[in-house]
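Inside the fold
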Amino acid sequence: MHTNTLLHPLALRRAEPEDLPGILTLLADASEWLYSQGVRQWPRGGFGPERIVPLIEERVLFLLEDELRYLDPDESAPPVATIAVDDNADPEFWTLDDDPGAALYVHKLAVARPWSGSGLGDALLDWACTYAHAAGLPWLRLDCAKGNWRLQEYYRRRGFRHVRTVDLPHRASGALFERASRDQTTTAFRDLTMAELISA
(Lines give C-alpha, C1' and ligand atoms only; values in the text may rest on other atoms or scores of the structure.)
Protein backbone atom coordinates (compact mmCIF):
# COMPACT_ATOMS: atom_id res chain seq x y z
CA MET A 1 0.00 0.00 0.00
CA HIS A 2 1.52 3.31 -1.11
CA THR A 3 0.63 5.80 1.56
CA ASN A 4 3.98 7.43 2.27
CA THR A 5 4.53 10.32 -0.11
CA LEU A 6 8.06 10.74 1.20
CA LEU A 7 8.93 7.32 -0.19
CA HIS A 8 6.80 7.95 -3.27
CA PRO A 9 7.16 11.61 -4.34
CA LEU A 10 4.04 12.80 -6.11
CA ALA A 11 3.52 15.49 -8.74
CA LEU A 12 0.37 17.19 -10.01
CA ARG A 13 0.14 18.15 -13.68
CA ARG A 14 -2.43 18.67 -16.40
CA ALA A 15 -3.61 15.53 -18.11
CA GLU A 16 -2.44 14.92 -21.68
CA PRO A 17 -4.15 12.82 -24.39
CA GLU A 18 -1.76 9.91 -23.81
CA ASP A 19 -2.92 9.75 -20.17
CA LEU A 20 -6.47 8.77 -21.20
CA PRO A 21 -6.19 4.97 -20.70
CA GLY A 22 -4.79 5.31 -17.17
CA ILE A 23 -7.41 7.89 -16.22
CA LEU A 24 -10.24 5.71 -17.53
CA THR A 25 -8.89 2.77 -15.54
CA LEU A 26 -8.65 4.83 -12.36
CA LEU A 27 -12.20 6.16 -12.73
CA ALA A 28 -13.56 2.70 -13.56
CA ASP A 29 -11.91 1.26 -10.45
CA ALA A 30 -13.29 4.12 -8.33
CA SER A 31 -16.77 3.64 -9.79
CA GLU A 32 -16.69 -0.10 -9.10
CA TRP A 33 -15.64 0.57 -5.52
CA LEU A 34 -18.51 3.06 -5.13
CA TYR A 35 -20.93 0.41 -6.38
CA SER A 36 -19.55 -2.06 -3.85
CA GLN A 37 -20.41 0.52 -1.18
CA GLY A 38 -23.95 0.96 -2.50
CA VAL A 39 -23.24 4.40 -4.02
CA ARG A 40 -24.60 5.07 -7.52
CA GLN A 41 -23.04 8.47 -8.20
CA TRP A 42 -21.00 7.41 -11.25
CA PRO A 43 -21.84 4.99 -14.07
CA ARG A 44 -20.87 1.44 -13.28
CA GLY A 45 -17.68 0.65 -15.15
CA GLY A 46 -16.65 4.29 -15.13
CA PHE A 47 -16.91 6.92 -17.83
CA GLY A 48 -16.51 6.54 -21.55
CA PRO A 49 -13.76 8.42 -23.39
CA GLU A 50 -16.37 10.87 -24.71
CA ARG A 51 -16.80 12.21 -21.15
CA ILE A 52 -13.09 12.52 -20.36
CA VAL A 53 -11.46 13.57 -23.64
CA PRO A 54 -13.16 17.01 -23.61
CA LEU A 55 -11.81 17.65 -20.10
CA ILE A 56 -8.30 16.87 -21.33
CA GLU A 57 -8.75 19.04 -24.42
CA GLU A 58 -10.09 21.93 -22.32
CA ARG A 59 -7.01 21.58 -20.04
CA VAL A 60 -9.16 21.29 -16.90
CA LEU A 61 -8.33 17.70 -15.91
CA PHE A 62 -5.35 17.17 -13.64
CA LEU A 63 -3.62 14.03 -12.51
CA LEU A 64 -1.41 13.13 -9.62
CA GLU A 65 1.33 10.65 -10.38
CA ASP A 66 4.07 8.80 -8.57
CA GLU A 67 7.31 10.32 -9.84
CA LEU A 68 9.19 7.10 -9.16
CA ARG A 69 7.45 5.51 -12.13
CA TYR A 70 9.90 7.37 -14.37
CA LEU A 71 12.69 5.18 -13.00
CA ASP A 72 11.19 2.27 -14.90
CA PRO A 73 10.11 3.47 -18.35
CA ASP A 74 8.65 0.06 -19.18
CA GLU A 75 6.22 0.22 -16.27
CA SER A 76 2.81 1.58 -17.21
CA ALA A 77 1.65 3.03 -13.91
CA PRO A 78 -1.86 4.50 -13.70
CA PRO A 79 -2.25 7.90 -12.06
CA VAL A 80 -2.50 8.08 -8.29
CA ALA A 81 -5.48 10.46 -8.47
CA THR A 82 -7.43 12.74 -10.78
CA ILE A 83 -9.40 15.94 -10.35
CA ALA A 84 -11.14 18.23 -12.82
CA VAL A 85 -11.58 21.88 -11.90
CA ASP A 86 -13.46 24.19 -14.25
CA ASP A 87 -16.04 26.96 -14.45
CA ASN A 88 -18.82 24.73 -15.78
CA ALA A 89 -21.67 25.08 -13.32
CA ASP A 90 -24.25 22.32 -13.88
CA PRO A 91 -27.40 24.27 -14.85
CA GLU A 92 -29.64 21.59 -13.32
CA PHE A 93 -28.08 22.29 -9.93
CA TRP A 94 -26.70 25.85 -9.77
CA THR A 95 -29.15 28.69 -10.44
CA LEU A 96 -28.65 32.33 -11.36
CA ASP A 97 -29.24 33.19 -7.70
CA ASP A 98 -26.09 31.19 -6.86
CA ASP A 99 -24.01 33.45 -9.15
CA PRO A 100 -22.53 30.44 -10.99
CA GLY A 101 -19.64 32.50 -12.36
CA ALA A 102 -18.34 33.21 -8.85
CA ALA A 103 -16.88 29.72 -8.42
CA LEU A 104 -14.79 26.94 -9.83
CA TYR A 105 -16.33 23.46 -9.77
CA VAL A 106 -14.73 20.13 -8.83
CA HIS A 107 -15.53 17.03 -10.89
CA LYS A 108 -14.06 13.54 -11.30
CA LEU A 109 -12.13 13.58 -8.02
CA ALA A 110 -10.82 10.06 -7.52
CA VAL A 111 -7.92 8.53 -5.61
CA ALA A 112 -6.59 5.10 -6.57
CA ARG A 113 -7.57 2.49 -4.00
CA PRO A 114 -3.96 1.64 -2.99
CA TRP A 115 -3.58 5.29 -1.94
CA SER A 116 -6.87 5.49 -0.08
CA GLY A 117 -6.56 6.98 3.39
CA SER A 118 -3.34 8.84 2.57
CA GLY A 119 -4.94 12.29 2.71
CA LEU A 120 -4.54 12.92 -1.02
CA GLY A 121 -8.22 13.75 -1.48
CA ASP A 122 -7.88 16.41 1.22
CA ALA A 123 -4.71 17.78 -0.40
CA LEU A 124 -6.34 17.96 -3.84
CA LEU A 125 -9.34 19.83 -2.44
CA ASP A 126 -6.98 22.27 -0.71
CA TRP A 127 -5.13 22.72 -4.01
CA ALA A 128 -8.41 23.33 -5.85
CA CYS A 129 -9.36 25.89 -3.21
CA THR A 130 -6.09 27.71 -3.86
CA TYR A 131 -6.64 27.40 -7.62
CA ALA A 132 -10.03 29.15 -7.31
CA HIS A 133 -8.46 31.83 -5.09
CA ALA A 134 -5.70 32.43 -7.67
CA ALA A 135 -8.41 32.83 -10.33
CA GLY A 136 -9.97 35.60 -8.22
CA LEU A 137 -13.12 33.61 -7.45
CA PRO A 138 -14.65 33.47 -3.96
CA TRP A 139 -15.97 29.89 -4.05
CA LEU A 140 -15.04 26.29 -4.77
CA ARG A 141 -18.13 24.15 -5.39
CA LEU A 142 -19.07 20.54 -6.05
CA ASP A 143 -22.01 18.18 -6.10
CA CYS A 144 -22.21 14.62 -4.85
CA ALA A 145 -24.68 11.76 -4.51
CA LYS A 146 -27.85 12.67 -2.65
CA GLY A 147 -27.77 9.47 -0.60
CA ASN A 148 -24.05 9.28 0.13
CA TRP A 149 -24.13 10.61 3.70
CA ARG A 150 -20.57 9.49 4.40
CA LEU A 151 -19.17 11.51 1.50
CA GLN A 152 -21.30 14.51 2.44
CA GLU A 153 -19.94 14.38 5.97
CA TYR A 154 -16.42 14.15 4.56
CA TYR A 155 -16.95 17.37 2.62
CA ARG A 156 -18.34 19.08 5.71
CA ARG A 157 -15.22 18.08 7.63
CA ARG A 158 -13.14 19.56 4.82
CA GLY A 159 -14.77 22.96 5.31
CA PHE A 160 -17.56 22.74 2.76
CA ARG A 161 -21.04 24.09 3.56
CA HIS A 162 -24.13 22.23 2.37
CA VAL A 163 -25.97 24.69 0.14
CA ARG A 164 -29.02 22.53 -0.65
CA THR A 165 -29.99 19.21 -2.17
CA VAL A 166 -31.63 19.23 -5.60
CA ASP A 167 -33.70 16.07 -5.94
CA LEU A 168 -34.09 15.27 -9.62
CA PRO A 169 -35.33 11.74 -10.39
CA HIS A 170 -32.91 11.27 -13.30
CA ARG A 171 -29.82 12.37 -11.33
CA ALA A 172 -28.07 10.40 -8.56
CA SER A 173 -26.12 13.51 -7.66
CA GLY A 174 -27.66 16.68 -6.28
CA ALA A 175 -26.19 17.43 -2.83
CA LEU A 176 -24.52 20.80 -3.42
CA PHE A 177 -21.56 22.06 -1.40
CA GLU A 178 -19.34 25.13 -1.45
CA ARG A 179 -16.25 26.32 0.37
CA ALA A 180 -14.66 29.76 0.42
CA SER A 181 -11.54 29.91 -1.71
CA ARG A 182 -8.25 30.78 -0.07
CA ASP A 183 -4.55 30.26 -0.46
CA GLN A 184 -3.67 26.91 1.09
CA THR A 185 -0.23 25.42 0.63
CA THR A 186 -0.03 21.66 0.36
CA THR A 187 3.14 19.65 0.86
CA ALA A 188 1.61 16.34 -0.24
CA PHE A 189 2.81 16.75 -3.83
CA ARG A 190 4.81 18.94 -6.19
CA ASP A 191 2.52 21.31 -8.06
CA LEU A 192 3.81 21.37 -11.64
CA THR A 193 0.92 23.66 -12.65
CA MET A 194 2.49 26.56 -10.75
CA ALA A 195 5.05 27.07 -13.52
CA GLU A 196 2.15 27.65 -15.94
CA LEU A 197 0.69 30.34 -13.70
CA ILE A 198 4.04 32.09 -13.33
CA SER A 199 4.76 32.08 -17.07
CA ALA A 200 1.22 33.14 -18.03
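Residues numbered from 1 in each chain as written. Predicted model: local features only at pLDDT ≥ 70, side-chain atom pairs only at ≥ 80, totals over all residues. Heavy atoms only, no water.

Points about the pattern of salt bridges
Two side chains carrying opposite charge are able to pair once their charged atoms lie near each other. Summed over all chains, the structure comprises 13 salt bridges. Between Asp122 and Arg158 there is a salt bridge, with its nearest N and O atoms 3.8 Å apart. Here the residue Asp122 occupies a position in helix α3 (residues 120-134), and Arg158 occupies one in the loop between α4 (149-157) and β6 (161-165), the gap between them amounting to 36 residues. Take Asp122: its relative accessible area is 25%, and that puts it in the partly exposed class. (Salt bridge = Lys/Arg side-chain N within 4 Å of Asp/Glu carboxyl O. Helix = DSSP H or I, 4+ residues; strand = E, 2+ residues; numbered from the N terminus. Buried < 20%, exposed > 50% of the residue type's maximum accessible area, 1.4 Å probe, protein only.)

Concerning α4
Burial in α4 covers these residues: Gln152, Tyr154 and Tyr155. Relative to the axis of α4, the buried residues are bounded by an arc of 155 degrees and lie together on one face. Facing away from the buried surface of α4 by more than 90 degrees, the exposed residues are Trp149, Arg150 and Arg157. At its buried positions, α4 is contacted by β4 (103-111), α3, β5 (139-145) and β7 (173-180). In the segment just after α4, Gly159 is the residue with positive phi, at about 95 degrees. (Arc of directions from axis to C-beta. Contact = heavy atoms within 4.5 Å.)

Focus on the layout of surface pockets
Considering only enclosed or pocket space, the largest pocket measures out at about 1,400 Å³ in volume. In terms of lining residues, the largest pocket is bounded by 43 residues, among which Gln41, Trp42, Leu109, Leu151 and Tyr155 are the most central. Elements with a contribution of two residues or more to the lining of the largest pocket: α1 (20-36), α2 (49-57), β4, α3, β5 and α4. It is β4 that contributes the most residues to the lining of the largest pocket, six residues altogether. In the lining of the largest pocket, the residues fall into 21 nonpolar, eleven polar and eleven charged. (1 Å grid on protein atoms, 1.4 Å probe; cavity = no way out; pocket = protein on both sides within 12 Å on 5 of 7 lines; lining within 4 Å. Points joined across faces, edges and corners; volume = space filled by probe spheres on them. Nonpolar A, V, L, I, M, F, W, Y, C, P; charged D, E, K, R; others polar.)

Regarding the pairing of β7
Most of β7 is tucked away, with seven of its eight residues classed as buried. Bridge analysis of β5 against β7 gives seven bridges, and the strand direction is antiparallel. Paired with Ala145 across the strands is Ser173, a residue of β7. (Pairing = 2+ DSSP bridges.)

Considering the side chain of Asp143
Among the structural elements, Asp143 can be located in strand β5. Despite being buried, Asp143 has no salt bridge partner; Arg171 is the closest side chain of opposite charge, sitting 5.0 Å away. Polar side-chain contacts of Asp143 include one of 2.4 Å to the side chain of Ser173. Setting aside chain neighbours within four positions, we find Asp143 in contact with Gln41, Phe93, Ser173, Ala175 and Leu176. (Lys, Arg positive; Asp, Glu negative; His and termini not counted. Polar contact = N/O pair within 3.5 Å; in protein donor to acceptor, adjacent residues only side chain to side chain.)

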